[in-house]
Amino acid sequence: MANGAPRAQWGSRLGFVLAAAGGAVGLGNIWKFPYIAGEYGGGAFVLFYLFCIAVVGMPLMYAELIIGRRGGKDPLGSLRALTKSSPAGPALSWVAGLMSVAGGFLILSFYSVVAGWAIHFLMISLGAIEMAPEGAEATFGALVGNGWMSALWHSVFMLITIVVVAQGIQKGIERACSILMPSLIGILLILLVYVGVTGGLGDSLAFLFRPNFADLTPGGMLEALGHAFFTLSLGMGAMITYGSYLGKDSHVLRDGVAVAILDTVIALLAGTVIFAVVFAAGKEPGAGPGLVFVTLPDLFQSMPGGGFFAVAFFFLLIFAAWSSAISLLEVVVTFFVDEAKMSRTAAAWGLGLVTWGLGMAVAFHGPLLDFLDNLTTRYLLPGGGLVIALIAGWMLSKQDREAGFAGANVLAAGWTFIIRFLTPVAVALVLLQKMGLLQLGG
Ligand code: TRP
């Protein structure tokens, strides 16, 4: 076992859960989940997404955390340390390591542009910018159509992300998240009660939770699988990094499950509120990437105290996105600090600048956002997850593999079976089916 030198640890068990959840909860939950659920027809897509969380997401969450915990280093270093005795270990570790860096860089570039849109709407809520008289939809359209405006907010968001990572002060942000994230849940609950009273809730629940399997396409399945990775921050070593700061092995399983459940609950809550607004207004669920930005501002305008809730909501959304963006940049920076011996400051500013540059291209050229999102969510993260699952299932020592189960042998055996067979097969099937190499059902 490779415990290495003593490494900084989380202050408390709850502190770790909240910090890891802070990295996981972000735009994926509030912005992305509702809009893809809307595009892919609701119910069946949501059910398949929940299936992916359970069969692929949770087992991989444990795998990444235990790899980080036992390896005690960045993703590449941890994987290499734990697979020394396996002939293919070093090569596969490099594959996963390089995919992690590429994933962090590519995801952050478009993530920051979307977070920038949230800043724009915060400014509107604060009264610093005027909403278009035709309402939120026109406001969003104008924002996306104005590359300079998107670029400005993207630059602001990248700047605050780089500053935190360069200074190595993410712990402070994560601690703040442990207060702010429950507030985000609180606001979503208030909005849920409000839409429960004003209407749309029944239609929303039916749309999200009544599956019609004829709606589920291979494209939808791949998107659901990819999103399970994206929303739980899996497939690119972010959770390996978090795991490397964990103190004891014994809680890894429970903590990982807690993070996954918290993340899922927030996404479902956001989706339920947003679709209630959509249906109450007689609109279409498939509005695309602008969904959260065109529905909630309209809700806030009609709601008593809406001005306050709008400010609070967009502030908390930006914070959630910030803590996720930090974890993305941190993976990239740690790689260059550990493997290329760069200084943290140079790595954070240098790589942050490159990411900012790609994000500028996204701000001015909308289709690039979809392209980067699809490339990473659908292929890079599931591909990276597949490699990590194979390493976790087949190359770790039994002792390393089962360290987080605290002697619960039945659970350990069940997990080993899942990570060896079910997870890789599920990921491979969905990828193959999408490539048209396999035809499952209708
Ligand atoms: N999970 C975050 C969200 O849902 C995004 C994110 C942060 C992420 N770190 C990641 C995604 C690492 C993949 C890998 O907003």
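Since this is a predicted model, take the numbers as computed values, not measurements.

**Let's talk about empty space enclosed by the protein**
Moving on, step 1. Per the stated rule, a full pass over the model turns up three cavities of 30 Å³ or more.
Moving on, step 2. In this structure, the largest cavity spans a volume of roughly 160 Å³.
Moving on, step 3. Those elements that place two or more of their residues in the lining of the largest cavity are helix H1 (13–24), helix H2 (27–39), helix H5 (89–125), helix H10 (218–231) and helix H14 (306–339).
Moving on, step 4. Here the lining of the largest cavity is built from residues that sort into 11 nonpolar, eight polar and no charged.
Moving on, step 5. In this structure, the second largest cavity spans a volume of roughly 50 Å³.
Moving on, step 6. In terms of lining, the second largest cavity is formed by Cys177, Leu180, Met181, Leu184, Leu316, Phe319, Ala320 and Ser323.

**Observations regarding helix H18 (residues 409–434)**
Moving on, step 1. The end-to-end C-alpha distance of H18 is 36 Å, a good match for the 38 Å that 26 residues give at a rise of 1.5 Å each.
Moving on, step 2. At Ile418, H18 is bent by approximately 40°, the largest bend along its length.
Moving on, step 3. Within the sequence span of H18, burial applies to Ala412, Trp415, Thr416, Ile419, Thr423, Pro424, Ala426, Val427, Val430, Leu431 and Gln433.
Moving on, step 4. Against the buried residues of H18 lie helix H3 (43–71), H10, helix H16 (367–394) and helix H17 (398–401).

**Structural notes on the confidence of the model for the protein**
Do not read the predicted coordinates in detail wherever pLDDT is low.
Moving on, step 1. Per-residue confidence for the protein averages 90 on the pLDDT scale, and 95% of its residues sit at or above 70.
Moving on, step 2. The spread of mean pLDDT over the elements of the protein runs between H1, the lowest at 80, and helix H15 (residues 344–364), the highest at 97.

**Some thoughts on the nonpolar core**
The nonpolar side chains of a soluble globular protein tend to be buried with one another.
Moving on, step 1. If you look at the biggest cluster of nonpolar residues, it comprises 156 residues, and the most contacted ones within it are Ile30, Leu60, Phe293, Leu296, Phe300 and Phe313.
Moving on, step 2. For this core, the element with the most residues is H14, which contributes 20 residues.
Moving on, step 3. Beyond its immediate stretch of four places on either side in the chain, Phe300 contacts Leu191, Gly306, Gly307, Phe309, Ala310, Phe313 and Phe314.

What counts, and where the lines are drawn
Residues numbered from 1 in each chain as written. Predicted model: local features only at pLDDT ≥ 70, side-chain atom pairs only at ≥ 80, totals over all residues. Heavy atoms only, no water. 1 Å grid on protein atoms, 1.4 Å probe; cavity = no way out; pocket = protein on both sides within 12 Å on 5 of 7 lines; lining within 4 Å. Points joined across faces, edges and corners; volume = space filled by probe spheres on them. Helix = DSSP H or I, 4+ residues; strand = E, 2+ residues; numbered from the N terminus. Nonpolar A, V, L, I, M, F, W, Y, C, P; charged D, E, K, R; others polar. Expected span 1.5 Å × (residues − 1). Bend = angle between axes of the 7 residues up to and from the residue. Buried < 20%, exposed > 50% of the residue type's maximum accessible area, 1.4 Å probe, protein only. Contact = heavy atoms within 4.5 Å. pLDDT = per-residue confidence, 0-100. Core = buried A, V, L, I, M, F, W, Y, C linked by side-chain atoms within 4.5 Å.

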